[in-house]
Amino acid sequence: MDLDLPKDLAAALDRVRATDKDAAEHLHSALSRLLRAADALTWARDRLSALVTAPTEGAVLQVVVDEAKTLTQAPEAWAITWAQQGDTSRVRALAGGSGTGRTADGQWVTPTEISQSVLGKVVEDGRPAWSDDAMADARFLGAHSVQALALRSVGCVPLGARGALYLHDPETPGRFSARARARISALCALAAQTLGAPDDALTDAPRRKAVEPLPGLVGSAPAMEEAYTAIRAFAPMPWPVLILGETGTGKEAAAAAVHDLSGRSGPFVAVNCGTLAPELAESTLFGHERGAFTGADRARGGLVERATSGTLFLDEVGELPAAVQTKLLRLLQEGTYRRLGDERERRFAGRIVAATHRDVAATDGPDSFRADLYHRLSACVVRMPALRRRTSDLPELAAHLLRRTLAEVPDAPQLTLSDDVLAELRRRSWPGNVRQLVNVLRGGVALAIARGDDALRVSDLAPAAGGSADPGSWPSDLMAATELFQQARVRMALTEAEGNKTQAATALGVSRQWLHRLIARWDQQGPW
């Protein structure tokens, strides 16, 4: 802890610890957070006068960046503002200390010393991002700017809707203490109150050249452009590619783009590892000889064999049984494999692309992913962003998906999306990402066509998952309310998985058997 408890509190805590150690630890943590917050507010209040009397926006930012450098001794500190909220491609950046950066009153610039990945995450999440070692931080795995700048300690704190404070140390991990983080967050919150709103009229300045999208992928948000860049960089390489992202973010489309740009002559072979029965996973992937197991009446090649001159895409690779992970590791290390029941080594000249929505880097527990296999797969990482992190893409994406949906319906009219519908789509959090958006639009199209209308209405859209946001509409009984939420979440998962209970269970993070039992119990109770 970087704040000591007062003597009377410390003595009381010792008495609690003598009878209940766990309770004492929780109490200690809570007290420390309260003291840290009080310290941060007192420290920031003492600097309020300098913020209020600063004559210009640049002077306000100078106070913030200088105080942050003094507090942390970070070698790099920048106060950043933008003309349009969330547009991090054109900013005014004020450097602290050395004064080598452009001033906040200067021209628009595209910063090269600042990680767009870190800055973009703060813009999208709306809260500070701190890391003791960004190079090893799973949040920034595959982020080119983090790797290129070799970032270790990094911190980025919003300045309201106007900008952000950015600090980094490329050499020293763990530079920013909890006390410093709290003080800086409090200072930025006060500074945000003195800064103006983004000036949306400033649109005549040159923008950076947009990264061209890839076939099958739609969107131009910074997070998507970073994914496009990574795919183009990794596609011609001979190494495996690992695609990370939540369920429904388009990981298979990204894998297909890697294959299309790779120049490989063989096919793109895709399999969802979460749907493979554990006892059949090995033979499905690697093939089997006649008599290898009961029912194997003839030899059969596996998916690895089919993809030997192309790309094998292993979706939800974290679901593979441990024995199959071992064989996959050998395939990656040696380029060879054996059919089940065969002693002959076969060569694999294809390429492995894997994807998962899970944290496969975690190595604890009986169902964990082998660390050595993870390291083999993660040389080239593509991160597909969640839809809630790229809401600026919603109009273009929804229009694209609407056209694709209408193409599936014979003699469908040319429906449009009203402004009210687009506003409703932006309002939702989209836990099922693009896949959920597809299914919401399909339901809306069906209702609009049945009504004979030429546009989708808000009422055509399926309700957002989780039921009513009004707590008063939920049962007062906790167990009943919990069951209603479970039913809503399961319905959404089944819709996204197009009725496939195995895929729905994977998306929900539960076993197939548990989900089957739960649905069977609800079915017995009547419609749900």
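Small disclaimer: the values here were computed from a predicted structure and weren't measured.

S.K.: Whenever I open this one, the confidence of the model for the protein chain confuses me. Can you help?
M.R.: Should the pLDDT be low somewhere, the predicted coordinates at that spot are not to be read in detail. With 81% of its residues at a pLDDT of at least 70, the protein chain reaches an overall mean of 80. Within the protein chain, strand 8 (residues 311-315) carries the highest mean pLDDT (96), whereas strand 2 (residues 91-95) carries the lowest (68). Predicted confidence is poor over residues 199-209, with pLDDT under 50, and the contacts of this stretch with residues over four places away or in other chains come to 20 contacts.

S.K.: Please explain the sheet that holds strand 12 (residues 380-383) as it appears in this structure.
M.R.: Within a sheet, adjacent strands bond to each other through the backbone by hydrogen bonds, running parallel or antiparallel. The parallel open sheet is built from 5 strands, whose spatial order is 7-8-11-6-12. Of all the strands in the sheet, the pair left with one neighbour each is strand 7 (268-272) and strand 12. Taken pair by pair, the neighbouring strands of this sheet meet at an average axis angle of 20°, ignoring direction. Direction of pairing for strand 7 relative to strand 8: parallel, over a ladder of 5 bridges. Its bridge partner lying in strand 8, Asn272 is registered against Asp315. Against the sheet, helix 8 (residues 222-234) makes contact with strand 6 (241-244), strand 11 (351-356) and strand 12, and its axis sits at roughly 155° relative to strand 12, the strand it touches most.

S.K.: Please clarify how the layout of surface pockets should be interpreted in this entry.
M.R.: The rolling of a water-molecule-sized probe over the atoms marks out the regions of remaining empty space. Counted as a void, the largest pocket has a volume near 790 Å³. Gly248, Gly250, Lys251, Glu252 and Arg435 are, among the 36 residues lining the largest pocket, the residues nearest its centre. Of all the elements in the fold, those that place two or more residues in the lining of the largest pocket are helix 9 (251-262), strand 7, strand 8, helix 14 (394-407), helix 16 (433-451), helix 17 (478-496) and helix 18 (501-508). Looking at the lining of the largest pocket element by element, the count peaks at 5 residues for helix 16. Class assignment for the residues of the lining of the largest pocket results in 16 nonpolar, 10 polar and 10 charged.

Quick notes on the rules
- Residues numbered from 1 in each chain as written.
- Predicted model: local features only at pLDDT ≥ 70, side-chain atom pairs only at ≥ 80, totals over all residues.
- Heavy atoms only, no water.
- pLDDT = per-residue confidence, 0-100.
- Helix = DSSP H or I, 4+ residues; strand = E, 2+ residues; numbered from the N terminus.
- Contact = heavy atoms within 4.5 Å.
- Pairing = 2+ DSSP bridges.
- Axes fitted to C-alpha atoms, helices over the stretch in contact; angles between N-to-C directions.
- 1 Å grid on protein atoms, 1.4 Å probe; cavity = no way out; pocket = protein on both sides within 12 Å on 5 of 7 lines; lining within 4 Å.
- Points joined across faces, edges and corners; volume = space filled by probe spheres on them.
- Nonpolar A, V, L, I, M, F, W, Y, C, P; charged D, E, K, R; others polar.

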